[in-house]
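Chain and residue survey
Listed here are the chains, written in short residue letters.
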Amino acid sequence: MTIAGLAPVVLLGCALHEGIIPAGAARAEPAPITRSIAATPASRPFVVQPTNRVAIPVPPPPPRPAAPPAVLVSNIERMHSDFGGRVGIAIRSIDDGWTVSANGDQPMPQQSVSKMWVAMTILDQRDRGRIDLSDSVTITRQDLTLFHQPIASLVVRNGSHTTTVENLLRRAITSSDNTANDRLLTLAGGPSAVNEFIRRKSLGSIKFGPGERLLQAGTAGLTWNQSYSVGRNFYTARAALPMEVRRRAFNAYVANPPDGASAHAMVDALARLKEGNLLSAASTTWLVSTMQNTRTGRSRVKAGTPSGWLWGHKTGTGQDLPPRTAGFNDVGIMTAPDGKSYAVAVLIGETSRSVPQRQDLMQRVAATVAANHRPDRMAAGGTRSGQTQTGM
């Protein structure tokens, strides 16, 4: 074919490319062009939007927390209203998460219940490698405090006494030894270190006071003198004060205790301890099992705890200004035979009720907790599935 013969073909192709249809050529319908709704830059191709939709699953609502037994709620409220005075009661189911309380948010004097926070501070420092339970500690006459301090006889007899951190912890928890506890307090870094532990762990409405000597002297209306740690010197000095001075100091302490804690915060902290959220597993096991060997307060909550249950606790008892007492307490963890457990706090900040009546209140609280217990199904080996019974 000659070049001249190719010309019509080339011209026809160019015409079609430019959209020019030569005379006599068939006219084709233009193909539809689909554009996205949004303006498309000239440098990008047109995008066809997908027509299908993908369903996004909606997560189910969180499960509703278990409700406490209605009979337990009414019993606790009735016990509180019938007793009279400044009383806070709280029960928390550690397994089911519910809490029952009556006047549970009002701070009450802790007295020796506060020894728990000293113990936890020491054990927390152990967990961080700062203290070992086998470390030696020496107690001298300058470390002696007042009231219940069984270790003082060893110090007085020998001039000093050297023991271990672990031994002091056991004495402070199981025997409520004031000198053992104050020596641990010094070792931990003083009241500020304990309050820092409480703050760092977000324990809520719980305060630690100035230590046994200053706390008790202030409650009596005295200024601490180390001679008060010997014999009955403290009692003699207190008795010499005018009754109005004693009453004013006593009332001020009860109204705004520097070691105040609410029953509600107390059971929350105990639940977190049992769950292992405050200390290492080893320190948790040590403290919970040691509390189960407490020898004080046998006529308090323990006397109302049924056979087969465990009660690990810490008591607290303040000074008397008859007929009142500045703090009469028992707090701890009740564990049922099936392994389920409850944090229980009964804090009597001030009342004119007799000691047997106070003990009876605590016993009835324990009895109603046990009576309204909903047993779990037992797993193989006698424990609930996935959970061990700490300290047994």
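For the structure itself, consult the block above.
Residues numbered from 1 in each chain as written. Predicted model: local features only at pLDDT ≥ 70, side-chain atom pairs only at ≥ 80, totals over all residues. Heavy atoms only, no water.

Some words on the pairing of strand β10 (residues 328–335)
Judged by how many residues are buried, β10 sits mostly within the fold: 8 of 8 residues are covered. Here strand β7 (residues 310–317) pairs with β10 via 8 bridges, running antiparallel. Residue His 313 lies in a different strand from β10, and its bridge partner there is Gly 332. Bridge count between β10 and strand β11 (residues 341–350): 8 bridges; the pairing is antiparallel. Counted as the bridge partner of Val 331 is Ala 345 from β11. (Buried < 20%, exposed > 50% of the residue type's maximum accessible area, 1.4 Å probe, protein only. Helix = DSSP H or I, 4+ residues; strand = E, 2+ residues; numbered from the N terminus. Pairing = 2+ DSSP bridges.)

Quick look at helix α6 (residues 178–188)
Among the 11 residues in α6, 9 count as buried, and that is most of the element. Looking only at α6, the buried set comprises Asn 178, Thr 179, Ala 180, Asn 181, Asp 182, Arg 183, Leu 184, Leu 185 and Ala 188. The inward-facing, buried residues of α6 abut α3 (115–127), β4 (136–140), α5 (165–174), α7 (191–200) and α8 (212–220). Of the residues that open α6, the one with a side-chain oxygen 3.0 Å from the backbone nitrogen of Thr 179 is Asp 177. In the stretch just after α6, Gly 189 is the one whose phi turns positive, near 120 degrees. (Contact = heavy atoms within 4.5 Å. Polar contact = N/O pair within 3.5 Å; in protein donor to acceptor, adjacent residues only side chain to side chain.)

Description of the environment of Gly 327
Locating Gly 327 in the fold gives a position in the loop between β9 (324–325) and β10. Residue Gly 327 is classed as buried on the basis of its relative accessible area of 0%. Along the chain, Gly 327 and Leu 347 lie 20 residues apart, while their C-alpha atoms are 7.1 Å from each other. Sequence-distant contacts of Gly 327, defined by excluding residues within four places in its chain, comprise Pro 109, Gln 111, Gly 316, Thr 317, Gly 318, Ile 348 and Gly 349.

So, the side chain of Arg 213
With respect to the helices and strands, the residue Arg 213 is situated in helix α8. The exposure class assigned to Arg 213 is buried, which follows from its relative accessible area of 19%. Not counting the four nearest positions on each side in its chain, Arg 213 is found in contact with Gln 142, Asp 143, Leu 144, Thr 145, Leu 146, Asp 182, Trp 224 and Gln 226.

Description of the packing of aromatic side chains
Across all of its chains, the model carries 7 aromatic pairs by this definition. With a centroid separation of 5.7 Å and an interplanar angle of 55 degrees, the aromatic rings of Phe 147 and Tyr 235 are classed as tilted. Note that Phe 147 is positioned in the loop between β4 and α4 (152–158) and Tyr 235 in helix α9 (residues 233–239), a separation of 88 residues in sequence. Taking the relative accessible area as the measure of exposure, Phe 147 reaches 29% and is therefore partly exposed. (Phe/Tyr/Trp six-rings, centres within 6.5 Å; stacked < 30°, edge-to-face > 60°.)

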